[in-house]
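The primary structure of each chain is shown beneath.
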Amino acid sequence: MLFAIRPALEPSRVFDGLNRLLREVMLAALEGRAVDPNVLPMGLHAAVDGNQATREAVTTLRAALVGLDQGRKTALRDELLLNREPCSFLTDRALPVPTIPDVVFSHLKTLSVHLYERTAKLVGVEAACGECIDDHCARFRAPAEPGNGNVCCVCGTDSLAQIRAGVDDNEQWRGPYDHLLAKDDYPLFGVHPGNLLPICHTCNSKAKLAKDLLHKNGLRRLSFSPWTESALPAEILVTIDDTDVFPRVVVELQSGTADRQEKLDTWNEVYKIKERVEGEFLALREKVGEDVTAVDEAGFLAGLEQRALAKAAASRVSPFNYWRARVYRAVQTMDHASRDALRQAIQQSTPSAQAMENLFFS
């Protein structure tokens, strides 16, 4: 996690309601009773039961749970009653992940995926919960606290989604939710609001894919709990390697404690932070030249400082602003000769006023 999630943000009411429904369906089956609609948002049970596909998935899961022997029923019921937050498993490798019996797993996965992909969009479910999923996304990406802005909190390199003028907040395009614990592997948490984090398309569909935050090569590992943890500025080192013909940006993630280092390594391995940032600034001359040009060293340093401060202040406003601020500070600390060579290269490649006039107005 690059940016800390701001506290006091209300979770998705839809996912909260569906998660409560899933738990109640399972507890009712394990305890040999009917589902109690009174423990759910008013009207939610009726809305779900009125949808044939969801009702069939619920019935199939219930039958599998009822068929367990009493020992496994009791063990699973006890685990459900603990009601652990999914992110607690990310920060405590000794905390055992709930065991779902094989005869139940596929049916739980089917229902969990269906609740997430289909049931959550039912009009009756939205009415019972008092909002739709897009309402939560609008809250999450709101620029003012407790919103977190429209820049992905995991990477800082992409928007959650493009914002369109003249469109209501809850009708804007939205980016994907990251199932921190993948719904295919951990279906018990498939609609848990604490397991669903709005992130950018690149993080979700290009970098993470099917990677497991909890395990690597069959072993448990530590990961940031995104709702409460993030990388510290001092743990992110950005420097310029000027030993080659073309200077390049180098990102290192380092911590003084073993647990924090493991969390940084997991963050980088799963979301490909280092290679994405270094890749963005391979054309360092062009990237710096977008913001800073100067005819002399003093002007270049002043421009770098001004732009670094401006980008840092707008870290959650536009993609890569945080990383640009860090890169500009790193350029400031370059060897004098290398930095001045970069300045001159930028100055020589800057388009003339006539070229700009021809580009836009001719």
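Computed from a predicted model, the values in this text were never measured in an experiment.

## Quick word on the overall build of the protein
For step 1, the next point in the chain: Assigned secondary structure in the protein consists of 16 helices and 6 strands.
For step 2, the next point in the chain: Taking the principal axes of the C-alpha coordinates as reference, the protein spans close to 80 × 50 × 30 Å.
For step 3, the next point in the chain: Looking at the protein as a whole, 49% of its 362 residues qualify as buried.
For step 4, the next point in the chain: Summed over all atoms, the accessible surface of the protein reaches about 17,200 Å², with 54% contributed by carbon and sulfur.
For step 5, the next point in the chain: Counting 42 positive and 49 negative side-chain charges, the protein places the averaged centre of each group 3 Å from the other.

## Quick notes on helix H13 (residues 297-313)
For step 1, the next point in the chain: Its 17 residues place the ends of H13 24 Å apart at the C-alpha level, agreeing with the 24 Å of an ideal helix rising 1.5 Å per residue.
For step 2, the next point in the chain: Glu 297, Phe 300, Gly 303, Leu 304, Ala 308 and Lys 311 are the residues of H13 that are buried. The arc that holds the buried residues of H13, viewed along the axis, is 130 degrees, so those residues lie on one side. What points out from H13, more than 90 degrees from its buried face, is the exposed set Ala 298, Gln 306 and Ala 313.
For step 3, the next point in the chain: In this fold, the buried residues of H13 make contact with helix H12 (284-289), helix H14 (321-332) and helix H15 (336-349).

## Structural notes on helix H3 (residues 52-66)
For step 1, the next point in the chain: Spanning 15 residues, H3 covers 21 Å between terminal C-alpha atoms, matching the ideal 21 Å at 1.5 Å per step.
For step 2, the next point in the chain: Of the positions making up H3, those classed as buried are Thr 54, Ala 57, Val 58, Leu 61, Ala 64 and Leu 65. Each buried residue of H3 lies within a common arc of 125 degrees when the element is viewed along its axis, so the set occupies one face.
For step 3, the next point in the chain: Summarising the contacts, the buried residues of H3 are in contact with helix H1 (13-31), helix H2 (44-49), helix H4 (70-82) and helix H6 (102-117).

## Quick word on the nonpolar core
For step 1, the next point in the chain: Leu 18, Trp 267 and Trp 323 are the most contacted members of the largest nonpolar core, which totals 98 residues.
For step 2, the next point in the chain: Of all the elements, H1 adds the most residues to this core, at 11 residues.

## Let's talk about the packing of aromatic side chains
For step 1, the next point in the chain: Under the defined criterion, the tally for this structure stands at 8 aromatic pairs.
For step 2, the next point in the chain: Ring centres of Phe 15 and Tyr 177 lie 5.3 Å apart, and the angle between their planes is 90 degrees; this geometry places the pair in the edge-to-face category. Here Phe 15 is found in helix H1, whereas its partner Tyr 177 is found in strand E1 (residues 177-179), with 162 residues between them in sequence. Considered together, Phe 15 and Tyr 177 belong to a single accessibility category, that of buried residues.
For step 3, the next point in the chain: Centroid distance Tyr 322 to Trp 323: 5.1 Å. Interplanar angle 90 degrees. Geometry classified as edge-to-face.
For step 4, the next point in the chain: The exposure class assigned to Tyr 322 is buried, which follows from its relative accessible area of 14%.
For step 5, the next point in the chain: Grouping aromatic residues by their ring pairs yields a cluster made of Phe 3, Tyr 322 and Trp 323.
For step 6, the next point in the chain: In this arrangement the basic side chain of Arg 164 is found over the ring face of Trp 173, its NZ or CZ atom lying 4.2 Å from the centre.

## Re the packing of helix H10 (residues 258-271) against helix H11 (residues 273-280)
For step 1, the next point in the chain: Running from N to C, H10 and H11 point in directions that differ by 65 degrees, and their axes come no closer than 6 Å. The segment H10 lies against H11, with Trp 267, Asn 268 and Tyr 271 engaging Ile 273, Lys 274 and Arg 276.
For step 2, the next point in the chain: Of the residues contributing to the contact of H10 with H11, the split by class is 3 nonpolar, 1 polar and 2 charged.

## Side note on the pattern of salt bridges
For step 1, the next point in the chain: One pass over the structure, following the stated rule, counts 30 salt bridges.
For step 2, the next point in the chain: Put simply, Glu 10 and Arg 13 hold a salt bridge, and the shortest N to O gap is 2.7 Å.
For step 3, the next point in the chain: Here Glu 10 falls in the partly exposed class, since its relative accessible area comes to 33%.
For step 4, the next point in the chain: With its nearest N and O atoms 2.8 Å apart, the salt bridge here joins Arg 343 to Asp 340. One end of the pair, Arg 343, and the other, Asp 340, are both in helix H15, 3 residues apart, so they sit about a helical turn from each other.
For step 5, the next point in the chain: Look at Asp 340 and you get buried, because its relative accessible area is 16%.

## Considerations on the state of the cysteines
For step 1, the next point in the chain: Going through the model one piece at a time under the given rule, you end up with 0 disulfides.
For step 2, the next point in the chain: Between Cys 132, a free cysteine, and Cys 137, which holds the nearest cysteine sulfur, the sulfur-to-sulfur gap is 8.6 Å.
For step 3, the next point in the chain: For Cys 132, a relative accessible area of 15% puts it in the buried group.
For step 4, the next point in the chain: We note that Cys 203 lacks a disulfide partner, and the nearest cysteine sulfur, in Cys 155, lies 3.7 Å from it.

Parameters at a glance
Residues numbered from 1 in each chain as written. Predicted model: local features only at pLDDT ≥ 70, side-chain atom pairs only at ≥ 80, totals over all residues. Heavy atoms only, no water. Helix = DSSP H or I, 4+ residues; strand = E, 2+ residues; numbered from the N terminus. Buried < 20%, exposed > 50% of the residue type's maximum accessible area, 1.4 Å probe, protein only. Areas by Shrake-Rupley, 256 points an atom, 1.4 Å probe, with all protein chains shown as cover. Lys, Arg positive; Asp, Glu negative; His and termini not counted. Charge placed at Lys NZ, Arg CZ, Asp CG, Glu CD. Expected span 1.5 Å × (residues − 1). Arc of directions from axis to C-beta. Contact = heavy atoms within 4.5 Å. Core = buried A, V, L, I, M, F, W, Y, C linked by side-chain atoms within 4.5 Å. Phe/Tyr/Trp six-rings, centres within 6.5 Å; stacked < 30°, edge-to-face > 60°. Lys NZ or Arg CZ within 6 Å of the ring centre and 35° of its normal. Axes fitted to C-alpha atoms, helices over the stretch in contact; angles between N-to-C directions. Nonpolar A, V, L, I, M, F, W, Y, C, P; charged D, E, K, R; others polar. Salt bridge = Lys/Arg side-chain N within 4 Å of Asp/Glu carboxyl O. Disulfide = S-S within 2.5 Å.

All quantities given are derived from atomic positions and should not be read as evidence of function.
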